[in-house]
Amino acid sequence: MKITAVEAIPFAIPYSKPLKFASGEVHAAEHVLVRVHTDDGVVGVAEAPPRPFTYGETQDGIIAVVTKVFAPQVIGLTVLEREIVVSRLARTIGNPTAKSALDMAIWDALGKTLELPVSDLLGGYTDRMRVSHMLGFADPATMVAEAERMRDTYGITTFKVKVGRRPVTLDTAVVRALRERFGDEIDLYVDGNRGWTASESARAMKEMADLGLLFAEELCPADDVMSRRWLVGQVDVPFIADESVPTAADVTREVLGGSATAISIKTARTGFTASRRVHHLAEGLGLEVVIGNQIDGQVGTACALAFGAAYESTSRNAGELSNFLDMTDDLLAEPLQIRGGYLHRSSAAGIGFEIDPDKLAHYRLDR
Ligand code: MUC
Ligand code: MG
């Protein structure tokens, strides 16, 4: 059970088409695979997605902080001592996806050691999540065609539409085209990634008032404190905080300050240990939650699925679990399969996936 080594392996897998949104765009999964070895020969695995436009992390920075700062702090601890891990890692400010990948790799090693699924150790609520697909910036016809393909191929009927362009009609036209094409058959919500001002957001929400949106997410920056509160006070659907709540303390601040009324939980930035804290906090505050996607590959998606399926509130709304579909390939020996709009979690020990060694050898950047 004792941690003996920690590896941070950079890899790059191209996207078949880039995902574009208000705060950036992603053309390749240039992630870091974190592996934790124990003295029993168990290997726990998770991935960190560098998102400089959201958290300031880079691939090189994640490797450096994992190998030079975090590895010496966790080697010698057992995989049961996760709260000691949390308190040691907390001495370093920031680096959310680096910390989370290490945390989840340790949980994976714990599950494999105990021969139990991590999702059961976390909460064991259900074995599946309904999937929500993220539609990146394009023209209305292209975005409607992608939604059609997602529905026809994977049975997905919930879509998060990326918004935040100027003029706002570029995006409101997309949401209207989706509603006109699919009617009540689909659920829709929007995510601005801080692209609009509060007044642009209010105008856009008024224009979309008849389109039956489920949620609105990060339409304007939370740092525009007073105007964000003004906006959230008038929006008539739950307003999701995503990148403005990377920690439980941020959830408390933003929600009590009136800058959000729902939250996105992303295991990529809060791992399993801190995601649990955020989940319990949201439950205590009575907030609706959505399992979000940090533009994860299949490893990260399996992590989000394991966590989302563990609790009632995280599995109630469709989880954003399909960004990996835009990748040309991935690392898993048995790829995740979305069927009938659902992803089923594995019942294998640990998080429940195996890395294909040939794929890792092909895509890793350090050899
Ligand atoms: C999302 O929900 O915002 C894009 C930027 C980011 O931080 O996450 C993605 C998806
Ligand atoms: Mg978001």
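Computed from a predicted structure; not experimentally measured.

About the cut-offs
Residues numbered from 1 in each chain as written. Chains lettered and ligands numbered in written order. Predicted model: local features only at pLDDT ≥ 70, side-chain atom pairs only at ≥ 80, totals over all residues. Heavy atoms only, no water. Pairing = 2+ DSSP bridges. Helix = DSSP H or I, 4+ residues; strand = E, 2+ residues; numbered from the N terminus. Domains from an automatic or database assignment. Contact = heavy atoms within 4.5 Å. Buried area = accessible area lost by both parts, 1.4 Å probe. Phe/Tyr/Trp six-rings, centres within 6.5 Å; stacked < 30°, edge-to-face > 60°. Buried < 20%, exposed > 50% of the residue type's maximum accessible area, 1.4 Å probe, protein only. Lys, Arg positive; Asp, Glu negative; His and termini not counted. Salt bridge = Lys/Arg side-chain N within 4 Å of Asp/Glu carboxyl O. Polar contact = N/O pair within 3.5 Å; in protein donor to acceptor, adjacent residues only side chain to side chain. Near = heavy atom within 4 Å. Areas by Shrake-Rupley, 256 points an atom, 1.4 Å probe, with all protein chains shown as cover. Nonpolar A, V, L, I, M, F, W, Y, C, P; charged D, E, K, R; others polar.

A word on the pairing of strand β1 (residues 3-21). By the bridge criterion, 14 bridges tie β1 to strand β2 (residues 24-38) in an arrangement that is antiparallel. Opposite E7, over in β2, you have R35 as the bridge partner. Between β1 and β2, which follow one another and run antiparallel, lie two residues.

Further remarks concern the domain arrangement of the protein. For the protein, the assigned domains are domain 1 (3-116 + 355-363) and domain 2 (120-344). Between domain 1 and domain 2, the C-alpha centre-to-centre distance is 23 Å. Across the contact, 40 residues belong to domain 1 and 43 residues belong to domain 2. Summed over both partners, the interface of domain 1 with domain 2 buries about 3500 Å², with 63% contributed by carbon and sulfur atoms.

Further remarks concern the packing of aromatic side chains. Overall, the coordinates contain five aromatic pairs when judged by the stated rule. Their ring planes at 65° and their centres at 5.4 Å tell us that F21 and F53 sit as a pair that is edge-to-face. Of this pair, F21 sits in strand β1 while F53 sits in the loop between β3 (43-48) and α1 (59-74), and the two are 32 residues apart along the sequence. We classify F21 as buried; its relative accessible area is 7%.

For the rest of this paragraph, the subject is the side chain of E57. Positionally, E57 belongs in the loop between β3 and α1. Salt bridges are absent for the buried E57, whose nearest opposite-charge side chain, K99, sits at 8.3 Å. At 3.1 Å, the side chain of E57 and the backbone nitrogen of A98 are in polar contact. Look past the residues within four positions of E57 in its chain and what remains in contact with it is P50, R51, P52, I62, N95, P96, T97 and A98.

Looking at ligand 1, there are 13 residues lining it, with T54, K160, K162, N193 and Q294 nearest. The side chain of T54 places a nitrogen or oxygen atom 2.8 Å from an oxygen atom of ligand 1. A distance of 3.0 Å is found between an oxygen atom of ligand 1 and a side-chain nitrogen or oxygen belonging to K266. Alone, ligand 1 offers 280 Å² of accessible surface; in the complex the protein occludes 100% of this. For the shell around ligand 1, the residue count by class is three nonpolar, four polar and six charged.

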